[in-house]
Amino acid sequence: MQVDEFKLKGEYRAQLSTRVRSDNLELQATAAHQVETSVGKVEAALQSKLAKTQELAQGLEQALAAVNHELAGLSRSQQRLSNMASHLRQKAGINKSRQQVRCDRPAREQTCDEVTRTLMKQQDILGSLLDRLQHGLMLVTADMDKLNSCRQQLTRDLKDKAAALKVDELVLGVKQDPSTTTAATTIMKSGADVARSAAAGASKASSSGKYSHNWEQQTSTLVQEAHHLAAGAGRLRKAIKQLLQEAQDSIHAIAHQLDASMATKLQATELLKEELNVQLNKVQDEHSRAAYQRDQLAQELTYSLALPPGQFWQ
């Protein structure tokens, strides 16, 4: 009787041990499946994050290239504006000297002729162009400051993206060591702890503003702003190019008009001078003939009155 009881207890314990081993194997299989599934999800999330980060990095590189291109173009425009302004100031100095020299003409020649009017017109045009060039320089400088600031932000963001890519690639490269033999319960416990820790960390970072879901939006906004500034700089460069062409054309036109008016004035003055010389010669000839006739008449009168020479005019 006692033997049968021991026998039954032994069979029960054997069945219980078998059931525990079966449950343990099932638990290990379940834990391994959960871990494998979790790892797969993490790898998929990392792959997606890597792809998006690379896409944003490419956008940043393109925006940075556009900003650098426009900065180089604005730098050339700035130099051309400075050169043109210096050229116009030189022309304005020549114009002032010409007006001062013309003030030395005799009083009877101080008239508001075509040359004077053209010089005054040239002075007004040069002053207006200088004001427009100075305004253009101010706009170029302001745009260059904005682009430089944007370039710094793009560079910092691109550097951060490169660092993030490096870290995520390292994380993605971490694989489970097949030689590691850990109890399933320990794996599940560790996985639960990691999940809770990650959730807590994400919640804390989100509430503190250090980790937010707008990282993509911030970069996209920066890229859009960079392209917007680059487009504006392109339009400004086009306007500056047109302004420089207008200034060049205006300088040539007024210079040609001034040369023409001065040539006309010189020609007219030369003609008047020649006419005056002709009239002067005529007057001198008439004066000579009159003096000769006077002398002849004086001699005739002297002979007629039988007076000594010279006595008639006393």
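Residues numbered from 1 in each chain as written. Predicted model: local features only at pLDDT ≥ 70, side-chain atom pairs only at ≥ 80, totals over all residues. Heavy atoms only, no water.

A separate point is the overall build of the protein chain. Counting secondary structure elements, the protein chain contains four helices and zero strands. Ordering the α and β elements of the protein chain from the N terminus gives α-α-α-α. For the protein chain, with 314 residues in total, the buried portion stands at 21%. By sequence separation, contacts in the protein chain at least 24 residues apart represent 89% of the contacts at least 6 residues apart. Accessible surface computed for the protein chain: about 22,500 Å², of which carbon and sulfur atoms make up 56%. (Helix = DSSP H or I, 4+ residues; strand = E, 2+ residues; numbered from the N terminus. Buried < 20%, exposed > 50% of the residue type's maximum accessible area, 1.4 Å probe, protein only. Contact = heavy atoms within 4.5 Å. Areas by Shrake-Rupley, 256 points an atom, 1.4 Å probe, with all protein chains shown as cover.)

Moving on, we get to the side chain of Thr118. Counting through the fold element by element, Thr118 comes out in helix H2 (residues 114-173). Non-local contacts of Thr118, meaning those with residues more than four positions away in its chain, are made with Ile254, Gln257, Leu258 and Ser261.

With that settled, the discussion passes to the pattern of salt bridges. Going through the model one piece at a time under the given rule, you end up with six salt bridges. With a shortest N-O distance of 3.6 Å, Glu55 and Lys52 are connected by a salt bridge. With Glu55 and Lys52 both in helix H1 (residues 2-102) and three residues apart, this pair spans about one turn of that helix. The exposure class assigned to Lys52 is partly exposed, which follows from its relative accessible area of 23%. In this structure, Lys161 engages Asp157 in a salt bridge whose closest nitrogen and oxygen atoms are separated by 2.7 Å. With Lys161 and Asp157 both in helix H2 and four residues apart, the pair spans about one turn of that helix. The exposure classification of Lys161 matches that of Asp157, with both residues buried. (Salt bridge = Lys/Arg side-chain N within 4 Å of Asp/Glu carboxyl O.)

Below, the discussion takes up the nonpolar core. Leu81, Leu88, Leu133 and Leu154 are the most contacted members of the largest nonpolar core, which has 33 residues in total. When residues of this core are traced back to their parent elements, those giving at least two are H1, H2 and helix H4 (215-304). In contact with Leu81, other than residues within four places in its own chain, are Leu133, Gly136, Leu137, Val140, Ile240, Leu243 and Leu244. (Core = buried A, V, L, I, M, F, W, Y, C linked by side-chain atoms within 4.5 Å.)

The predicted coordinates ought not to be read in detail in places where the model reports low pLDDT. In this model, the protein chain carries an average pLDDT of 76, and 68% of its residues clear a pLDDT of 70 or more. Across the protein chain, the secondary-structure element scoring lowest on mean pLDDT is helix H3 (residues 184-208), at 42, and the one scoring highest is H2, at 89. A low-confidence stretch, residues 176-212 stays under pLDDT 50, and its non-local contacts, those more than four residues away or across chains, total 13 contacts. (pLDDT = per-residue confidence, 0-100.)

As for its position among the elements, Glu169 is in helix H2. With a relative accessible area of 44%, Glu169 lands in the partly exposed category. Each C-alpha atom of the pair Glu169 and Leu50 lies 7.6 Å from the other, and the pair is 119 residues apart in sequence. In this view, Glu169 contacts Leu50 and Gln54; residues no more than four positions away in its chain are not counted.

Along the chain, Thr116 falls in helix H2. Given a relative accessible area of 19%, Thr116 falls into the buried group. Leave out the neighbours within four places in its chain, and Thr116 touches Arg102, Arg105 and Thr111.

Examined against the element boundaries, Thr111 turns out to sit in the loop between H1 and H2. Residue classification places Thr111 among the partly exposed residues on the basis of a relative accessible area of 39%. Those residues within four positions of Thr111 in sequence are excluded, and the remaining contacts are Arg105, Thr116 and Lys265.

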